Amino acid sequence: MDQITLRVARYRPDDEETEPVLVDYDVPLRPDWAVLDGLNYIKDELDGTLSYRWSCRMGICGSCGMMVDGEPKLTCATFLVDLAPGPVRIEPLANFPVIRDLIVDLTDFMHKLSSVKPWLIRQDEQPVEDGEYLQTPAQLDEFKQFSMCINCMLCYAACPVYGLDGSFVGPAAIALAHRYDLDSRDEGDRQRLTILAQPDGVWDCTFVGECSTACPKGVDPAGAIQQAKLAAAQEAMKSLLLPWRSR
Amino acid sequence: MSLSHDVVIVGAGGAGLRAAIAVAEAEPRLSVALVSKVYPMRSHTVSAEGGAAGAISADDSLEEHAYDTISGGDWLCDQDAVENFVAEAPRELLRLEHWGCPWSREPDGHVAVRAFGGMKKKRTWFAADKTGFHLLHTLFQTSLKYSNITRYDEWYVSRLLVDDGRVCGVVALELMSGLIETITGRSVVIATGGGGRVFPFTTNAAIKTGDGMALAYRAGAPLKDMEFVQYHPTGLPFTGILITEAARAEGGWLLNKDGYRYLQDYDLGKPEPGPVLRSMELGPRDRLSQAFVHEMAKGRTINSPYGPVVHLDLRHLGERTIDAKLPMVRELCRDYERIDPVHELVPVRPVVHYMMGGIHTDRNGVTPLAGLFAAGETACVSINGANRLGSNSLPECLVFGARAGRAAALYAVEAPPPALAVEAQGDDERRRLDEDLLRRSDGPDRISSIRTEMQAILEDAAGIYRDGDSLTKATDKLRELKERAATAAVDDASRRFNTERVAGLELAGMLELAECILHSALRREESRGAHQRTDFPERDDKRFLAHSLAYRESGGSPRVSHLPVTITRWPPGKRVYGR
Amino acid sequence: MISPLEARYYRRRMPLLWWAHRRSYAIFVLRELSSAFVALFIVELLLLVRATARGPAAYESFLDTMAHPAMIVLNLIALAFVLLHAITFANLTPRAMIVRLRGRRVPSRVVLAGVYAGWLLVTAFLAWLLVAA
């Protein structure tokens, strides 16, 4: 049977390793195997110590993002035949600290996500008994795209601004904040814009655009950031020209 | 170190998050620990596609939703629980709307509903075909605003702390560091989902190893109706990726190798060009999966490299409908099968999808163990009976997640703090896990090979059709496998993010669940819903209008007893579809 | 504070030539670099204002300096960078501004065409001003 070599980054802090090393594993090359199937083959048949995250293997849980031949990819949706003859280089997502092998630390993102208040903010909560907040399909379309983020972190791995300065809020968190700003049911856009306009917010983005290229769900975080910049600029102008306007 | 909270919730998917928010809203003074072996947004709720049922249409009623659910469950549902469920489902779905869930809409701005299998009216709320994804992310993002919820992301719970018959916390392994800590609480809610991974071919994610069921079972709580395992009729071969029932609700057809809509041969109605509710492709999942087996026996399925398949035909729906209503179906077919359903037939076969059974609870998520609550797929209330209807599981997570959360909050307010003695149990568990970690074994078995054998045993004996002989043989094989598992070789003795260690703990739990499934199936000498015995082909209400309860004996094997079903308004009748 | 756990994380640094591996990264670095040239234009403008204020002799001498071949080359480079900026900015307009007509989203290409048409128009007007003067 055909084989393909997976060149996998291994980092084992328990074993006093200070640098990741690349280790080659030969796995079967089958037409419908994704990179993840190759990793599972290694784990089950060759080396039980290999560590990585995965779960749904249908591109929706966002667990299995890794660098495949230098590109951020969901390994469940990247097929070995498309990478043949190999070897295929598999490394942990760029721009994040590595905990072990292919596992990176996401704590930073989790803090940033909650800092932009990604929940519906209303001045007056309507009781559930009064029924739904009306929203037309067109109003839904305004933000739908930005609600598709699966938090897979490929955009952070693709963003050189985040790589150079880890304090940047980053593409996914801004896209999700913007998703609520655009939601016709939400009234929290001024609160969020105040947060996004701070240093490390939207203005850190210099429109590289790689986040949108890397996104496996077509979210276009780069677009969201530019839209948020425009909204933040408008808001700043308004408070400059109309200082008496209540905040 | 010991961590202490008022309510400890294990599992952070749909039910766990809903429970956490319910506690936070009911008793803001209580501190909540939300413990999960994955980040909340990785939970398997994310994979649910088609929708969530809640009667809101003018022509719909709670009675009809209840009747569809009860007849769909072949009268094994507890009807008092179903009545609570259908009454609260619309409220819960509206609450989610108020939290920002992007439900698909009618042109006038009201929430839209679609048809679904086994439902007589259109009552399934949907967010295109990524309903579970939107539901989970809405819950997760909303949960971020409550400061009294403390998350323990990527902590694996290995044991419940039980003091004098009362559950008062957990022992958990922090994956990142490999440290083992006790997290005490006045009450504990288990919401860890099902365990479809005991089977080889499943729509279930890798994380769905039934951990919570095993935790409760070992602590002394019974597992209910474990023999009822749902096969979804349309999974993609090899990956087992689910093609949502919504594909059929929008008008998709199931065809055999002759291009014939074979369901008409199985008392499911006459073929019409458009979808007809409770008929043909919109029959319940158990009946459709059973029809597949008969087609296969007749040699009318299509052979694929991954076994026999039938075809799902969506071509006549057209590109516009598919893109508007089923974008994920197209995406999945394109990315994972390399076919375009707009122009091509989709190969599908039945695939293990859902466990109707789980931890025995009442309508408030209360288990027989004091201080322990459960909700979601891991629990069995039971509203799903012998066969769950599509789009009932998401609202089940919400309704019973909230109920369990409120009940656990109330309990925590009144209960005394956990006894200090439980710390000793934490030390015991730490010792046990460390011995297990450092145990060096060169046995011929590996965790993965034992897992594969277990899955094969289950599929052979406890698949769509079962019989006494093979179930008996399977229980023997499984007992032997359990012994071998104890000496399986382990490669990894390190502490940080040791995923092999977790796989070993998961496997031990799955072997217990597998035993419960086999023993419960063996004891139920009738055919009902998803449990079909070729040696007992009829439903037997005299003996088995009852739930199975599997208790763990001191030797480790299950003892099965039965508990009558609660009937309120709908006496057992015949399940009729397509007429 | 870094916990003992985090101390064992492996933190990668971006290599010195990280930007050379991808076109979009290289253009990003060029744009960052271009700020120096944009600054140059501003300095030139300020010098021009000062020279004008000091009278005809100073103005003539300023023109002489600017006519030096080295200065012309420098300004051409600066122009290229400013154009890079302008084009980047123009190209991202359709993503930053969602234009709707009668409830329907105007396609990106149409918005983009509008931006370039506007740019051309303004350029033509300025050219006409110069020629007419």
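Residues numbered from 1 in each chain as written. Chains lettered and ligands numbered in written order. Predicted model: local features only at pLDDT ≥ 70, side-chain atom pairs only at ≥ 80, totals over all residues. Heavy atoms only, no water.

With that out of the way, let us pick up the overall build of chain C. Helix and strand counts for chain C stand at 5 helices and 2 strands. Along chain C, from the amino end to the carboxyl end, the secondary structure elements read α-α-α-α-β-β-α. At 23 Å, chain C has a C-alpha radius of gyration far larger than the 14 Å of a compact globule built from 133 residues. Its C-alpha atoms give chain C principal-axis dimensions of roughly 70 × 50 × 30 Å. Put simply, chain C has 133 residues, and 20% of those count as buried. (Helix = DSSP H or I, 4+ residues; strand = E, 2+ residues; numbered from the N terminus. Rg over C-alpha atoms; globule rule 2.2 N^0.38 Å. Buried < 20%, exposed > 50% of the residue type's maximum accessible area, 1.4 Å probe, protein only.)

Before going further, it helps to examine the UniProt feature "transmembrane region" (unreviewed entry) in chain C. Residue and element names in this part refer to chain C. Here the UniProt-annotated "transmembrane region" (unreviewed entry) positions come out as residues 25-49, 69-90 and 110-131. In residues 69-90, helix accounts for 100% and strand for 0%; the two terminal C-alpha atoms are 31 Å from one another. Counting secondary structure, residues 110-131 comes out at 100% helix and 0% strand; the distance between its end C-alpha atoms is 31 Å. (UniProt positions renumbered as here; feature names shortened; annotations may be inferred.)

We now examine the domain arrangement of chain B. All names here are of chain B. For chain B, the assigned domains read domain 1 (233-350) and domain 2 (425-539). With centres defined by C-alpha atoms, the gap from domain 1 to domain 2 works out at 32 Å. Across the contact, 6 residues belong to domain 1 and 5 residues belong to domain 2. When domain 1 packs against domain 2, close to 450 Å² is buried across both sides, 63% of that on carbon and sulfur atoms. Of all residues in domain 1, D286, Q290 and V293 give up the largest surface area on contact with domain 2, accounting jointly for 72% of the area buried on that side. For the pair domain 1 and domain 2, the interface holds 0 salt bridges. Here domain 1 is connected to domain 2 by 2 residue pairs in polar contact (both at pLDDT 80 or more). By residue number, the principal contributor to the side of domain 1 that touches domain 2 is helix α7 (residues 285-297), which donates 5 residues. A class-by-class count of the residues in the side of domain 1 that touches domain 2 yields 2 nonpolar, 3 polar and 1 charged. (Domains from an automatic or database assignment. Contact = heavy atoms within 4.5 Å. Buried area = accessible area lost by both parts, 1.4 Å probe. Salt bridge = Lys/Arg side-chain N within 4 Å of Asp/Glu carboxyl O. Polar contact = N/O pair within 3.5 Å; in protein donor to acceptor, adjacent residues only side chain to side chain. Nonpolar A, V, L, I, M, F, W, Y, C, P; charged D, E, K, R; others polar.)

With that settled, the discussion passes to helix α3 (residues 137-144) of chain A. Along α3(A), the residues classified as buried are A:L140, A:F143 and A:K144. Buried residues of α3(A), seen end-on, are gathered within an arc of 110 degrees and therefore sit on one face of the element. If you follow the buried residues of α3(A), they end up packed against α6 (171-181) of chain A together with α4 (131-143) of chain B. (Arc of directions from axis to C-beta.)

Moving on, we get to the UniProt feature "domain: FAD-dependent oxidoreductase 2 FAD-binding" (unreviewed entry) in chain B. Under the UniProt annotation, "domain: FAD-dependent oxidoreductase 2 FAD-binding" (unreviewed entry) lies at residues 6-394 of chain B. Here residues 6-394 of chain B is 27% helix and 23% strand, with 27 Å between the C-alpha atoms at its ends.

To continue, consider the environment of B:A415. Residues and elements named next belong to chain B. Examined against the element boundaries, A415 turns out to sit in the loop between α10 (393-414) and α11 (422-438). Since its relative accessible area comes to 8%, A415 is described here as buried. Sequence spacing of A415 and G371 is 44 residues, and the spatial spacing of their C-alpha atoms is 8.5 Å. Leave out the neighbours within four places in its chain, and A415 touches R166 and R186.

A few words on the sheet that holds strand β3 (residues 65-68) of chain A. Residues and elements named next belong to chain A. Strand order across the open sheet formed by 5 strands is β2-β1-β5-β3-β4, with mixed pairing between neighbours. Edge strands, defined here as strands with exactly one partner in the open sheet, are β2 (21-28) and β4 (71-74). Each neighbouring strand pair of the sheet contributes to a mean axis angle of 35 degrees, computed without reference to strand direction. Summarising the sheet, β3 and strand β5 (residues 88-91) pair through 2 bridges and their orientation is antiparallel. (Pairing = 2+ DSSP bridges. Axes fitted to C-alpha atoms, helices over the stretch in contact; angles between N-to-C directions.)

Further remarks concern the environment of B:T472. Residues and elements named next belong to chain B. As for its position among the elements, T472 is in helix α13 (residues 468-485). For T472 and G274, which are 198 residues apart along the polypeptide, the C-alpha to C-alpha distance reads 45 Å. At 2.7 Å, the side chain of T472 and the backbone oxygen of G468 are in polar contact.

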